[in-house]
Amino acid sequence: MTLHKEGKASIALVVTFGIILNLAVYHFIGTGLTFTISMIVASALLLIILNFFRFPKIHPVLNDLAIIAPADGKVVVIEEVEENEYLKTKCIQVSVFMSPLNVHINWLPISGLLKYVRHHNGDFMAAYLPKSATENERTSVAIEHSSGVNILVRQVAGALARRICCYAKENTNMNQGEQLGFIKFGSRVDLYLPLGTKIDVQLNQKVKGRQTIIGWLK
């Protein structure tokens, strides 16, 4: 199993904690039930962290007119909204919620020129709440497709997520399926798509990043 680069510090911290915990238990208590429990706790914590930062091999579904899922998770929003940060128009919002068990790598849903990249400080309320899209810690990325269509991708931190990593650089071109970034410990990704976009997913549907087609550009 390959591990994502964003997990290096967290994994090192957990390994260090496990070693110190077990050495302390062994030194002050010795072997026995308590030492066995500390070994189990340290091992379980390490497995959880390794699972969270896993980077599975994925064969992406690439199609220039398709809008692919930007993350693994569950579709929690499909609705018409007003996008007031950059697009400044009514859009179809499709949101994918990532639980701590999902892969937390984020992907570019379409190819194009990155016209706008902004990080916003904010709250850390539960990511499934509607107002988290505008009040939580978040990063917004606007992409202009070669056809002239613009969409906006927003990484939203959740109650546990305290760090959004975004690799997008304004005024650069990126390809569909490239890494957009990573959000640590539970979060969501919002897509703001033009009205009239054909949507191929339903509420509560589980999707796979780079594999599930969210919809199609007109």
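Up top you'll find the structure we're talking about.
Residues numbered from 1 in each chain as written. Predicted model: local features only at pLDDT ≥ 70, side-chain atom pairs only at ≥ 80, totals over all residues. Heavy atoms only, no water.

A. Summary view of the pattern of salt bridges. This structure, assessed with the given rule, holds 6 salt bridges. Among the salt bridges present, the one from Arg 118 reaches Glu 170, with a minimum N-O distance of 2.6 Å. Here Arg 118 is found in strand E5 (residues 112-120), whereas its partner Glu 170 is found in the loop between strand E8 (164-166) and strand E9 (173-174), with 52 residues between them in sequence. A residue is classified by how much of its surface remains accessible, and Arg 118, at 36% relative accessible area, is partly exposed. Here Glu 170 falls in the partly exposed class, since its relative accessible area comes to 32%. One salt bridge connects Asp 200 with Lys 198, and the closest N-O pair in it is separated by 2.6 Å. Through salt bridges with shared partners, a single network forms among Glu 83, Glu 85 and Arg 154. (Salt bridge = Lys/Arg side-chain N within 4 Å of Asp/Glu carboxyl O. Helix = DSSP H or I, 4+ residues; strand = E, 2+ residues; numbered from the N terminus. Buried < 20%, exposed > 50% of the residue type's maximum accessible area, 1.4 Å probe, protein only.)

B. Summary view of the sheet that holds strand E3 (residues 89-98). With antiparallel pairing, the 8 strands of this open sheet are ordered in space as E9-E5-E6-E7-E11-E3-E2-E13. Bordering the open sheet on either side are E9 and strand E13 (206-207), each of which pairs with just one other strand. Strand direction decides the pairing type here: strand E2 (residues 73-83) and E3, joined by 9 bridges, are antiparallel. For Glu 80, the partnering residue across the bridge sits in E3 and is Ile 92. (Pairing = 2+ DSSP bridges.)

C. How the structure looks around the environment of Asn 22. Its place among the elements puts Asn 22 in helix H1 (residues 8-28). Look at Asn 22 and you get buried, because its relative accessible area is 12%. Between the alpha carbons of Asn 22 and Ser 38 there is a distance of 6.1 Å; along the sequence they are 16 residues apart. The residues contacting Asn 22, other than those within four sequence positions of it, are Phe 35, Ser 38, Met 39 and Ala 42. (Contact = heavy atoms within 4.5 Å.)

D. Here's a closer look at the sheet that holds E8. Spatially, E4-E10-E8 is the arrangement adopted by the 3 strands of the open sheet, whose pairing is antiparallel. Each of the sheet's edge strands pairs with one partner strand only, and the pair in question is strand E4 (105-107) and E8. Across the sheet, the mean angle separating the axes of adjacent strands is 20° when strand polarity is ignored. (Axes fitted to C-alpha atoms, helices over the stretch in contact; angles between N-to-C directions.)

E. Seen up close, the pairing of strand E7 (residues 150-157). With 7 of 8 residues buried, E7 is to be regarded as a mostly interior element. The pairing of strand E6 (residues 138-144) with E7 spans 7 bridges and is classified as antiparallel. Its bridge partner lying in E7, Ala 142 is registered against Leu 152.

F. Expanded view of the side chain of Gln 176. Looking at the secondary structure, you find Gln 176 in the loop between E9 and strand E10 (179-183). Setting aside residues no more than four positions away along its own chain, Gln 176 makes contact with Val 61, Leu 62, Asn 63, Asp 64, Ala 66, Ile 68, Leu 108, Pro 109, Ile 110 and Ser 111.

G. H1, seen in detail. Under the 1.5 Å per step criterion, the end-to-end length of H1 is 30 Å for 21 residues, consistent within 8% with the ideal 30 Å. Buried positions along H1 lie against helix H2 (33-52). One or two positions beyond H1, positive phi appears at Gly 30, with a value near 90°. (Expected span 1.5 Å × (residues − 1).)

H. Seen up close, H2. Over its 20 residues, H2 extends 29 Å from the first C-alpha to the last, a length consistent with the 28 Å expected when each residue adds 1.5 Å. Residues of H2 that are buried include every one of Phe 35, Ser 38, Ala 42, Ile 49 and Phe 52, and no others. Looking straight down H2, one finds that the buried residues subtend no more than 125° of arc, so they occupy a single side. When the buried face of H2 is taken as reference, the exposed residues oriented beyond 90 degrees from it are Leu 33, Ile 40, Leu 47 and Ile 48. (Arc of directions from axis to C-beta.)

I. Structural view of the side chain of Asp 190. By the element assignment, Asp 190 lies in strand E11 (residues 187-194). Separated by 2.6 Å, the side chains of Asp 190 and Ser 95 make a polar contact. (Polar contact = N/O pair within 3.5 Å; in protein donor to acceptor, adjacent residues only side chain to side chain.)

J. Structural context of a nonpolar patch on the surface. Side chains of Val 15, Ile 19 and Leu 23 sit close together on the surface and give an oily, nonpolar patch of about 270 Å² of accessible area. For Leu 23, the position within the fold is in helix H1. (Patch = residues over 30% accessible without salt bridge, like charges linked within 9 Å, V, L, I, M, F, W, Y side chains within 5 Å. Areas by Shrake-Rupley, 256 points an atom, 1.4 Å probe, with all protein chains shown as cover.)

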